[in-house]
Amino acid sequence: MPPTPAPTPGETPGRSARTTGPGTSTAHAVSPDSGEHWSAEGAWPVADGLHRIPLPLPNDGLRAVNVYALETDDGLTLVDGGWALPAARAVLERSLARIGAGVGDVRRFLVTHVHRDHYTLASQLAGETGAHVSLGIGDKPALDLFHSDAWPGRSPFPDVLRTAGAHGVAERWEEHARSQEEFDLGHWAYPDAWLEGDHRLEVGTRTLDAVHTPGHTPGHYVFADRAAGLLLSGDHVLPTITPSIGFTVPVVASPLGDFMASLARVRELPDLRVLPAHGPVAPSSHARVDALLAHHEHRLALCLEALRGGSVSAADVAAVLPWTRHDHAWASLDVFNQGMAAMETKAHLDLLVAREQVDATPDPAGVVSYAARLGSPTAGGENGPAGAGTGPADDGE
């Protein structure tokens, strides 16, 4: 799902002369395990018996999703599966062949969350091979909705956009939903097991801490290999961008509050090397979590500042905030990213309401207006974190 650029701590140089430094965009990031652009095809060794396999995301600003193959005596465990597209499956098959394996050797999928670029190829392959699939139980309501008569004809997002005051964008999103091709439930089968709470998983000789990290989705999980100093972070901790917030099915009450609380929980783990779902391998989970938390605190301050003139909607606030790392105006974004921006702004404003810094008042049509409480601090003239470009999507520059 479209993410938001955020400040980036320094990266470890790759094996080539090219390096990824502070502020490097996802589009230009080199991964230290390959010495090449992080999305380059291959089965890149990250640690003994662990390989990073980037799978393509055609026509997506993210460019690729990293799937991680963990070797065991019984076969392979994959963390995430990729998007069920012919191009992605072909790359997976070629990449597995580089380590002397094939899709039939995959015994297990540990899927970090239910989004299509992580779940659908795992679901499809499991249906063919009998591989075992695990997913966080917090994402079960999404699958329930997909399997109901209400989907795909009735997406919840246009209603969210209307409450945010983005009526024109909501209409365009509804038009897009009606134009979608038939929904393939074979890509969205229920998993074999639900992950619940924090617990340990044995994967061959490895012990992984499965840590529930709601925010990007309610059922998101990361997997920490403390002995190897690794964090398989899914979309929760990304090295050059921050995941979309507020774009969850079904809609949840406080996605940003959940996300920031989950970041704080990951910060309590040892400082680990980050193996993300999008972007290059990064050296420090602590540094990246600190940057992400600072980024969102700055965005919260900007939202408060935007309320100085009086009561306005989330779309009104989104329209005056800068978006993408190049500070583009909201009006210059395409309609999809305008919607993402409006929902992410709403998530920030709702967290300010929960912090009792802002009041929210719905009108008879359901549009929520936000007003700063007297005495609430604003962003004033303070600067945000260095390089804190933000937006609903990485613009690839």
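Refer to the structure printed above.
Throughout what follows, the structure given in this document is the object of discussion. (Residues numbered from 1 in each chain as written. Predicted model: local features only at pLDDT ≥ 70, side-chain atom pairs only at ≥ 80, totals over all residues. Heavy atoms only, no water.)

Let's shift gears to the packing of helix α5 (residues 167-178) against helix α9 (residues 335-354). α9 packs onto α5 with a crossing angle of 125° between their chain directions and a minimal axis gap of 10 Å. Regarding the angle of α5 to α9, the classification is oblique. Crossing angle aside, the handedness with which α5 passes α9 is left-handed. Where α5 abuts α9, its residues Val169, Arg172 and Trp173 lie against Val335, Phe336, Gln338, Gly339, Met340 and Met343. A breakdown of the residues in the contact of α5 with α9 according to their chemical character gives six nonpolar, two polar and one charged. (Axes fitted to C-alpha atoms, helices over the stretch in contact; angles between N-to-C directions. Helix = DSSP H or I, 4+ residues; strand = E, 2+ residues; numbered from the N terminus. Parallel < 35°, antiparallel > 145°, perpendicular 65-115°, else oblique. Left-handed = near helix turned anticlockwise from the far one by under 90°. Contact = heavy atoms within 4.5 Å. Nonpolar A, V, L, I, M, F, W, Y, C, P; charged D, E, K, R; others polar.)

Evaluated as defined, the whole model comprises 16 salt bridges. The residue arginine 89 makes a salt bridge to glutamate 128 at a minimum N-O spacing of 2.8 Å. Residue arginine 89 is found in helix α1 (residues 86-98), and its partner glutamate 128 is found in helix α2 (residues 116-129); the two are separated by 39 residues along the sequence. With a relative accessible area of 47%, glutamate 128 lands in the partly exposed category. The closest approach of N and O atoms between glutamate 305 and arginine 308, which form a salt bridge, is 3.3 Å. Overall, glutamate 305 belongs to the partly exposed group, its relative accessible area being 23%. Judged by its relative accessible area of 57%, arginine 308 falls in the exposed class. (Salt bridge = Lys/Arg side-chain N within 4 Å of Asp/Glu carboxyl O. Buried < 20%, exposed > 50% of the residue type's maximum accessible area, 1.4 Å probe, protein only.)

Turning our eyes to something else, we now look at the side chain of threonine 242. For threonine 242, the location among the structural elements is in strand β15 (residues 241-242). Engagement of the side chain of threonine 242 in a polar contact is seen with the side chain of histidine 296, the distance being 3.4 Å. (Polar contact = N/O pair within 3.5 Å; in protein donor to acceptor, adjacent residues only side chain to side chain.)

Attention now goes to the nonpolar core. Residues Leu55, Leu92 and Phe109 are the most contacted members of the largest nonpolar core, which totals 89 residues. Here the element with the most residues in this core is α9; it accounts for eight residues. (Core = buried A, V, L, I, M, F, W, Y, C linked by side-chain atoms within 4.5 Å.)

Two orientations exist for strands paired in a sheet by backbone hydrogen bonds: parallel and antiparallel. With respect to topology, three strands assemble into an open sheet ordered β17-β19-β18, the strand pairing being antiparallel. The outermost strands of the open sheet, each flanked by one partner alone, are β17 (312-313) and β18 (358-362). Note that β17 and strand β19 (residues 368-372) share two bridges and pair antiparallel. Considered in β19, the bridge of valine 312 is made with tyrosine 370. (Pairing = 2+ DSSP bridges.)

Below, the discussion takes up the packing of aromatic side chains. Scanning all chains against the criterion turns up nine aromatic pairs. Each ring, one from tryptophan 173 and one from phenylalanine 336, has its centre 5.2 Å from the other, and the planes form 10°; the classification is stacked. You can see tryptophan 173 sitting in helix α5 and its partner phenylalanine 336 sitting in helix α9, a full 163 residues away along the chain. Tryptophan 173 sits in the buried class, given a relative accessible area of 11%. By relative accessible area, which is 31% here, phenylalanine 336 ends up partly exposed. (Phe/Tyr/Trp six-rings, centres within 6.5 Å; stacked < 30°, edge-to-face > 60°.)

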